[in-house]
Amino acid sequence: MAWYAIILCGGSGTRMGAAQNKVLLPVCGKAAVRRAAEAFVPLVDGMVAVCRPFEQDAIRAALEGVELPVIYAPGGDTRQSSVYSGLQALPEACDRVLIHDGARCLVDGNIIRRVMDAAERWGAAAAAIPVTDTIKQVDSGEMVVGTPDRSMLRQMQTPQGFHRALIEEAHRQAMAECFTGTDDAALVERLGRPVKLVEGSRRNLKLTTPEDLTMAEAFLRSDGAADRPALRVGHGMDVHRLAEGRRLVLCGVDVPHTMGLDGHSDADVAVHALMDALLGACALGDIGQHFPDTDERYRGISSMELLRRVCGLLNERGYAPVNADITIAAQRPRLMPFIPQMRANVAEVMGLPEDCVSVKATTTERLGFEGRGEGISAWAVAMVEKRQRVRSCSFHPDRVS
Ligand code: MG
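Residues numbered from 1 in each chain as written. Predicted model: local features only at pLDDT ≥ 70, side-chain atom pairs only at ≥ 80, totals over all residues. Heavy atoms only, no water.

A.B. asks: I'd love a proper account of the side chain of Lys30, names of residues and values included.
C.D. replies: Inspection of the secondary structure puts Lys30 in strand β3 (residues 30–31). Among the polar contacts listed, one links the side chain of Lys30 to the side chain of Glu38, at a separation of 2.9 Å. (Helix = DSSP H or I, 4+ residues; strand = E, 2+ residues; numbered from the N terminus. Polar contact = N/O pair within 3.5 Å; in protein donor to acceptor, adjacent residues only side chain to side chain.)

And the structure:
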């Protein structure tokens with residue numbers, strides 16, 4: 001059997017009070033629709049994401065890297081027409097279909113498997129939960145006209161699963177009769193065919209209001225499934241010896257001095273510390289690993305160019321720098337006049353505003369090797385953010401193994 005999941009991504013953010021589509025809202029740092037889609041990955045052969053054309057790029061970005069073929073289909077004006085559009089996009093080989101709301105981001109493999117097993121046997125199946133509140137039927141004046149026996153009521157969820165031919169027939173018939181249902185099972189019911197309900201979960205809530213988002217995040221945190229924090233911090237430190245006949249380059253600025261820093265590259269000690277901080281924040285090792293000083297390609301290379309490559313490595317892995325703070329310890333020369341240019345250089349390469357890059361200089365009161373003018377040291381801390389979407393980057397670092 002070839003199972004496909006149709007994920008409906010057309011939700012608006014109106015009741016959520018959000019400006020964007022609620023399926024794109026981050027839930028513990030990950031877009032709701034991605035959480036939903038990932039639950040299906042081990043169980044189905046492919047996926048159809050139904051979304052409004054103007055949101056397709058954003059949905060694509062949210063689903064980037066999901067380990068399944070994803071087909072994109074345009075959404076319709078109603079939920080039902082969106083499902084129909086998704087059905088039409090299914091590949092020929094598909095003969096079983098799961099339909100799921102992208103805003104039900106906490107669906108799990110157990111629920112999906114129960115729906116698949118029951119749908120296989122009955123032709124149509126859906127996740128549902130018992131009703132715990134008493135339900136009243138009212139008239140247009142809010143007067144009670146009846147109290148249905150709640151033990152026989154169920155609250156419907158998705159996924160809902162079907163034999164493909166059955167759900168296609170149900171949709172065609174509903175369309176021919178201008179019938180609109182609030183779920184897909186209703187269309188199968190109208191054909192007089194059985195629909196089997198299986199156990200859903202209270203966790204399988206649909207993000208509708210801000211309270212739902214709070215609950216979804218609380219569920220994730222309570223079982224430790226929340227993602228690691230999106231912000232990470234790293235630290236770097238470097239020392240270079242001062243030598244005759246070398247340039248003194250700090251944060252890309254040629255600082256006039258009687259001596260310069262010795263090293264394989266331009267020996268920009270401040271940028272070296274910064275690169276180690278950035279790599280450290282992402283646990284990507286250190287610059288010695290990425291740009292070994294035994295490699296002739298890096299002889300005399302500008303450390304600003306290496307910084308550009310480090311930012312490329314981060315970007316490839318979905319991290320972006322947030323801010324950085326560098327301290328340079330040098331007895332001489334006086335660095336203060338060069339600091340604005342240092343900050344501007346680093347900010348430009350990191351793609352940050354200048355007020356997110358700090359460079360500070362200190363002496364060591366003539367103590368230690370810096371104080372004796374034998375060398376210069378630098379420390380840096382940097383913060384990076386894990387992004388949902390890897391920002392486009394024109395730079396492709398050559399991998400140094
Ligand atoms: Mg170094």
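A.B. asks: Tell me about the pattern of salt bridges, and please be specific about residues and values.
C.D. replies: Per the counting criterion, the structure on display carries 19 salt bridges. For the salt bridge of Arg79 with Asp101, the shortest nitrogen-to-oxygen distance reads 3.3 Å. On the criterion of sequence distance, the pair formed by Arg79 in helix α3 (residues 79–88) and Asp101 in strand β6 (residues 96–101) is long-range, its members being 22 residues apart. Using a relative accessible area of 27% as the deciding quantity, one classes Arg79 as partly exposed. Look at Asp101 and you get buried, because its relative accessible area is 9%. (Salt bridge = Lys/Arg side-chain N within 4 Å of Asp/Glu carboxyl O. Buried < 20%, exposed > 50% of the residue type's maximum accessible area, 1.4 Å probe, protein only.)

A.B. asks: Outline the coordination of the magnesium ion, supporting the account with residue identities and numerical values.
C.D. replies: Around the magnesium ion, the protein contributes the donor atoms Asp238 (OD), His240 (NE2) and His272 (ND1), at 2.0 to 2.3 Å from the metal centre. Read N to C, the donor residues that coordinate the magnesium ion are spaced as D-x1-H-x31-H. With His240 in strand β12 (residues 231–243) and His272 in helix α8 (residues 269–281), the pair connects residues that are 32 residues apart, well separated along the chain. Comparing His240 with His272 shows no difference in burial state: the two are buried. (Donors = N, O, S within 2.8 Å, 3.2 Å for Na, K, Ca; no water.)

A.B. asks: Just give me the short version of the nonpolar core, but keep the residues and values in it.
C.D. replies: One finds Leu250, Leu274, Leu278, Leu307, Ile328, Met342 and Met350 to be the most contacted residues of the largest nonpolar core, which totals 51 residues. When contributions to this core are tallied by element, the ones reaching two or more residues are α8, α10 (303–316), β16 (319–329), α11 (339–350), β17 (357–362) and β18 (375–386). The biggest single contributor to this core is α8, with 10 residues. Every residue in contact with Leu250, bar those within four places of it in the chain, is listed here: Val255, Leu261, Asp268, Val269, Ala270, Ile328, Leu335 and Met342. Cys9, Val66, Cys105 and Ala127 belong to the second largest nonpolar core, which has 47 residues in total. (Core = buried A, V, L, I, M, F, W, Y, C linked by side-chain atoms within 4.5 Å. Contact = heavy atoms within 4.5 Å.)

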